[in-house]
Every structure is written in structure tokens, then in C-alpha cells.
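# Fold and geometry: a report
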Amino acid sequence: MEKNKNIVEEQEVDYHKAELDLLKKGLTSSYTERFHTMARLMKLNMILKSATVVHKKID
């Protein structure tokens, strides 16, 4: 059987494995790295809390 060259076959995604990989990576990081990551997230949270969305009418 000949395959159609125009059809794209997407690979199967394993979300469970990806989540476990991220957890393992997080556990291997040092306390200093965890602190810096948390500080970055807290800073970003403060920025996003004070952000306002302004809609401009397009003519």
C-alpha cells in the first residue's frame, strides 16, 4: 500500500512521562535554584496582578 505524501502523522504524546520528567528535574535542583525560581515566579505574579488590559478601538 502506498502512503499519501501530503498527510502528516503526529507522534503520540505521553503527558504522564513529561510530568514525571519535570518532577524529577525539580527534585535534582539545589535549594538555591529553587529559591531563585520561586523569587522569579513571585516577581512575575506581582507584575501580572498590577497589569491592566486596555482595549483600543480600531478605526
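For the structure given in this document, a descriptive report is provided here. (Residues numbered from 1 in each chain as written. Predicted model: local features only at pLDDT ≥ 70, side-chain atom pairs only at ≥ 80, totals over all residues. Heavy atoms only, no water.)

### Remarks on the overall build of the protein chain
For the protein chain, the count of helices and strands is two helices and zero strands. Taking 59 residues into account, the globule formula puts the C-alpha radius of gyration at 10 Å, and the protein chain, at 22 Å, lies well above it. Out of the 59 residues belonging to the protein chain, those deemed buried represent 0%. Working note: accessible area of the protein chain is about 7000 Å², and carbon and sulfur atoms make up 60% of it. (Helix = DSSP H or I, 4+ residues; strand = E, 2+ residues; numbered from the N terminus. Rg over C-alpha atoms; globule rule 2.2 N^0.38 Å. Buried < 20%, exposed > 50% of the residue type's maximum accessible area, 1.4 Å probe, protein only. Areas by Shrake-Rupley, 256 points an atom, 1.4 Å probe, with all protein chains shown as cover.)

### A word on a nonpolar patch on the surface
Among the surface-exposed residues, Met38, Leu41 and Met42 lie close enough to one another that they form a single nonpolar patch of about 310 Å² accessible area. Mapped onto the elements of the fold, methionine 42 is located in helix H2 (residues 31-50). Judged by relative accessible area, which is 49%, methionine 42 ranks as partly exposed. (Patch = residues over 30% accessible without salt bridge, like charges linked within 9 Å, V, L, I, M, F, W, Y side chains within 5 Å. Salt bridge = Lys/Arg side-chain N within 4 Å of Asp/Glu carboxyl O.)

### Here's the deal with the pattern of salt bridges
Overall, the coordinates contain one salt bridge when judged by the stated rule. Measuring nitrogen to oxygen at the nearest pair gives 2.9 Å for the salt bridge that ties aspartate 21 to lysine 17. One end of the pair is aspartate 21 and the other is lysine 17, both in helix H1 (residues 15-28) and four residues apart, which spans about a single turn. Given a relative accessible area of 36%, aspartate 21 falls into the partly exposed group. Overall, lysine 17 belongs to the partly exposed group, its relative accessible area being 45%.

### Section: H1
Between its first and last C-alpha, H1 extends 20 Å over 14 residues, near the 20 Å set by a 1.5 Å rise per residue. Little of H1 is tucked away, with zero of its 14 residues classed as buried. (Expected span 1.5 Å × (residues − 1).)

### Quick look at the environment of isoleucine 58
Here isoleucine 58 lies in the segment after H2. What makes isoleucine 58 exposed here is its relative accessible area of 78%. Residues isoleucine 58 and histidine 16, 42 residues apart in the sequence, show an inter-C-alpha distance of 44 Å.

Read these as layout, nothing more, since geometry by itself doesn't imply function.
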